[in-house]
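# Secondary and tertiary structure notes
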Amino acid sequence: MESQERVYYPFRGPFDPCPPVPCKTFVVPPNQFINFQPPNLPQFSLPEALRAGTLWPALFSPYESKSKGGK
């Protein structure tokens, strides 16, 4: 499966008063890649599913915080 994180480069106008941000990122949810639920999709065990927040590994998307130390 390809990376769920996408990068784009915002437009920087010549009279923009804000400091320029060279690139921004966003995450595409994994359910956007699956059109329908195929039969016999692998499943996490129940304790793993509770930790992951989903029963199906194909729909698992880990959250990676961009902030340091919860700030």
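Note: the structure precedes this text.
What you are looking at is a predicted structure, and each value in this text was computed from that prediction instead of being measured.

Now for the side chain of Q4. Mapping Q4 onto the fold places it in the segment before strand 1 (5-8). Here the side chain of Q4 touches S61 through a polar contact of 2.7 Å, side chain to side chain. In contact with Q4, other than residues within four places in its own chain, are F26, V27, V28, P30, F33, F60 and S61.

The subject of this paragraph is the environment of N40. Along the chain, N40 turns up in the loop between strand 2 (24-27) and helix 1 (46-52). Accessibility expressed as a relative area gives 77% for N40, which makes it exposed. Sequence-wise, N40 and P62 are 22 residues apart; in three dimensions their C-alpha atoms are separated by 23 Å.

In this model, the largest pocket occupies a volume close to 200 Å³. Lining the largest pocket are Q4, E5, T25, F26, V27, S61, P62, Y63, E64 and K66. Looking at the lining of the largest pocket, its residues break down into 4 nonpolar, 3 polar and 3 charged.

Our next topic: the packing of aromatic side chains. What the rule picks out here adds up to 2 aromatic pairs. Ring centres 6.2 Å apart and planes at 90° place the aromatic pair F44 and F60 in the edge-to-face group. Of this pair, F44 sits in the loop between strand 2 and helix 1 while F60 sits in the segment after helix 1, and the two are 16 residues apart along the sequence. Given the relative accessible area of 33%, F60 is considered partly exposed.

A few words on the side chain of T54. One can find T54 in the segment after helix 1. Overall, T54 belongs to the buried group, its relative accessible area being 15%. One polar contact links the side chain of T54 to the main-chain amide nitrogen of W56, over a distance of 3.4 Å. With near-sequence residues (within four places) excluded, T54 lies in contact with F44, A49, L59 and F60.

The rules behind each value
- Numbering of residues starts from 1 in every chain and runs along the sequence as written.
- With the structure being a predicted model, the display of local features is reserved for residues of pLDDT at least 70 and the display and counting of side-chain atom pairs for 80 or more, all residues being used for whole-chain, interface and lining totals.
- Neither water nor hydrogens contribute to the side-chain values; these are computed over all heavy atoms in the structure.
- For helices the rule is a DSSP run of H or I covering at least 4 residues; for strands it is a run of E covering at least 2, with both sets numbered from the N terminus onward.
- Pairing of N or O atoms within 3.5 Å defines a polar contact, subject to two protein rules: one partner must be a possible hydrogen donor and the other a possible acceptor, and residues neighboring in sequence count only if both atoms are side-chain atoms.
- Residues count as neighbours in contact if any of their non-hydrogen atoms are within 4.5 Å of one another.
- Here's how the labels work: a residue is buried when its accessible area is under 20% of the maximum for its type, exposed when over 50%, partly exposed in between, all with a 1.4 Å probe on protein chains only.
- The pocket and cavity definitions rest on a 1 Å grid over protein atoms only: a 1.4 Å probe that fits but cannot leave marks a cavity, an open set with protein on both sides within 12 Å along at least five of seven lines marks a pocket, and residues lining either have an atom within 4 Å of a point.
- Grid points are joined across faces, edges and corners, and a volume is the space filled by probe spheres set on the points.
- Ten residues, namely Ala, Val, Leu, Ile, Met, Phe, Trp, Tyr, Cys and Pro, are considered nonpolar, four, namely Asp, Glu, Lys and Arg, are considered charged, and the remaining ones, Gly among them, are considered polar.
- Only rings of Phe, Tyr and Trp enter the pairing, Trp through its six-membered ring, and a pair is recorded when the two centres are within 6.5 Å. The plane angle decides the type: under 30 degrees is stacked, over 60 is edge-to-face, the rest tilted.

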